Amino acid sequence: MPLALLALAVGAFGIGTTEFVMMGLLPDVADDLHISIPSAGHLVSAYALGVVIGAPLLAALTARMSRRTVLIGLMALFVVGNALSALAPGNGSLLAARFLSGLPHGAFFGVGAVVATAMVPPERKARSVSLMFLGLTVANIAGVPAATLMGQHFGWRATFLAVSVIGVAAIASLALLIPHDHASAPTAGLRGELAALRSVPVWLALGTTVAGFGALFAAYSYVTPMLTDAAGFAETNVTLLLALFGVGATAGNLLGGRLADHSLRGTLFGGLASLAVVLVLFPFLMWAEWSAALAVALLGMAAFVTGSPLQLMVMEKAAAAPSLASSANQAAFNLANAGGAWIGGLALAAGFGTTSPALAGAALAVLGLGVASVAYAVDRRRATPSVGRVVAGRVPEESGALHH
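Residues numbered from 1 in each chain as written. Predicted model: local features only at pLDDT ≥ 70, side-chain atom pairs only at ≥ 80, totals over all residues. Heavy atoms only, no water.

## A few points about the overall build of the protein
- Summing up its helical and strand segments, the protein has 15 helices and zero strands in all.
- Relative to its full complement of 404 residues, the protein shows a buried share of 54%.
- Relative to all contacts within the protein whose residues are 6 or more apart in sequence, the contacts with residues 24 or more apart total 83%.
- Carbon and sulfur atoms make up 69% of the accessible area of the protein, which totals about 16,300 Å². (Helix = DSSP H or I, 4+ residues; strand = E, 2+ residues; numbered from the N terminus. Buried < 20%, exposed > 50% of the residue type's maximum accessible area, 1.4 Å probe, protein only. Contact = heavy atoms within 4.5 Å. Areas by Shrake-Rupley, 256 points an atom, 1.4 Å probe, with all protein chains shown as cover.)

## Describing the packing of aromatic side chains
- Counted by the stated rule, this structure contains eight aromatic pairs.
- The interplanar angle of 75° and the centroid separation of 6.4 Å between the aromatic rings of phenylalanine 245 and phenylalanine 304 together place this pair among those described as edge-to-face. Taken together, the residues phenylalanine 245 in helix 10 (residues 238–260) and phenylalanine 304 in helix 12 (residues 289–304) connect sequence positions 59 residues apart.
- Residue class for phenylalanine 304 comes out buried when judged on its relative accessible area of 12%.
- Feature note: the residues Phe213, Phe217, Tyr220, Phe245, Phe304 and Phe333 constitute an aromatic cluster, connected by ring pairs. (Phe/Tyr/Trp six-rings, centres within 6.5 Å; stacked < 30°, edge-to-face > 60°.)

## A few points about the environment of asparagine 140
- In this structure, asparagine 140 sits in helix 5 (residues 125–154).
- Owing to a relative accessible area of 15%, asparagine 140 belongs among the buried residues under this scheme.
- Each C-alpha atom of the pair asparagine 140 and glycine 16 lies 7.2 Å from the other, and the pair is 124 residues apart in sequence.
- Beyond its immediate stretch of four places on either side in the chain, asparagine 140 contacts Phe20, Pro145, Leu242, Ala243 and Gly246.

## Brief notes about helix 14 (residues 322–349)
- Between its first and last C-alpha, helix 14 extends 40 Å over 28 residues, near the 40 Å set by a 1.5 Å rise per residue.
- Directly after helix 14, the chain includes glycine 351, whose backbone phi takes a positive value near 85°. (Expected span 1.5 Å × (residues − 1).)

## Details of the pattern of salt bridges
- Evaluated as defined, the whole model comprises four salt bridges.
- Between aspartate 32 and arginine 157 there is a salt bridge, with the nearest N and O atoms lying 3.7 Å from each other. Placement of aspartate 32 in helix 1 (residues 4–33) and of arginine 157 in helix 6 (residues 156–177) is noted, with a sequence separation of 125 residues between them.
- Take aspartate 32: its relative accessible area is 38%, and that puts it in the partly exposed class. (Salt bridge = Lys/Arg side-chain N within 4 Å of Asp/Glu carboxyl O.)

## With respect to the environment of proline 122
- Tracing the backbone shows proline 122 in the loop between helix 4 (91–118) and helix 5.
- Judged by relative accessible area, which is 42%, proline 122 ranks as partly exposed.

## Considering the nonpolar core
- Residues Leu216, Leu227, Leu275, Leu279, Phe282, Met286 and Leu299 are the most contacted members of the largest nonpolar core, which totals 55 residues.
- Those elements giving two or more residues to this core turn out to be helix 8 (200–220), helix 9 (223–230), helix 10, helix 11 (264–285), helix 12, helix 13 (307–317), helix 14 and helix 15 (356–382).
- At ten residues, the largest contribution of residues to this core is made by helix 8.
- Apart from residues no more than four positions distant in its own chain, leucine 275 is found in contact with Gly212, Ala215, Leu216, Leu299, Ala302, Ala303 and Ala365.
- Core analysis: the second largest hydrophobic core is formed by 37 residues, Leu8, Ala12, Val129 and Leu174 among them. (Core = buried A, V, L, I, M, F, W, Y, C linked by side-chain atoms within 4.5 Å.)

What follows is the structure, encoded as structure tokens:
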């Protein structure tokens, strides 16, 4: 695998750290800015809103630019957003800075996935995407806990300054390692990129992302009360268990990349089915500490097996202009975050019990399987002799061959 993937992983590590660290710093931020915890929670929403808006917008606006230049520019915007977060004098300015920090998130992963797949042969494309995502999953193991501890000991502003330093390191890595010859501007331009979103298969792939990862966040958003109230863990142990989730997510991400290079669709179906099974078993596994710890790791593994297959599938459905569709998949991921948490909260509010969000997540995983099945049926119906498995960003050389 090209060393350039390391540069993408460093950027992903910084993005993953700043995205999730706010959850652990909410009490410190609220106390320092003299606001309530619910008001501080809007800082999480501001970042997610930035991702959803920035992913398609920045990908579309930079459609004709060198992808290497785009990646460096996006990471520079990331550095500015986090530096402004560290210097924010009040809640309003911090909200704006968090929104700014979220803007480059989706476009970085979207454009980065296109660059990653362009640097490897077709049989290693899913693995290249999974190695870029490795930075995101490792952030949950090391970056977020370390940044949280830093914020608790040196103040939350120090955390965002440290994240800015990671961003600067990512810029240096991108400038040094991303080759110019793999970063030429796409020929489709803005019109071609926008045309990709008119494709039914692209929307079905995005819908699978929303349902599949919505299943994860329906349960994961409420995993702390499950672990403390149902499994009996002390609150001091929850951070370690969340790191265990990161270990499972990292393993699932690497496994999904390897399996998807052999069978993209099979890995996707298998991952969603596994996620549904794990979520159905979740309430039963929460009755003992050892099984609850196992459940958390399995949840991360089952969910992230589908990460690189979904990213690659969206890119292949928009093969002539993949950057916008690929970035839109990151927006779909954040919609899944918000929507899954909302649905899991509905189950709790309805009085179905502490572990009920997991069963709500299982229903979403089944829904994801249904959307993926519809996408498969549409692909079979639309198949023509000139359509094979299209490699993202390239045109098939043998347009008259039907690949089975």
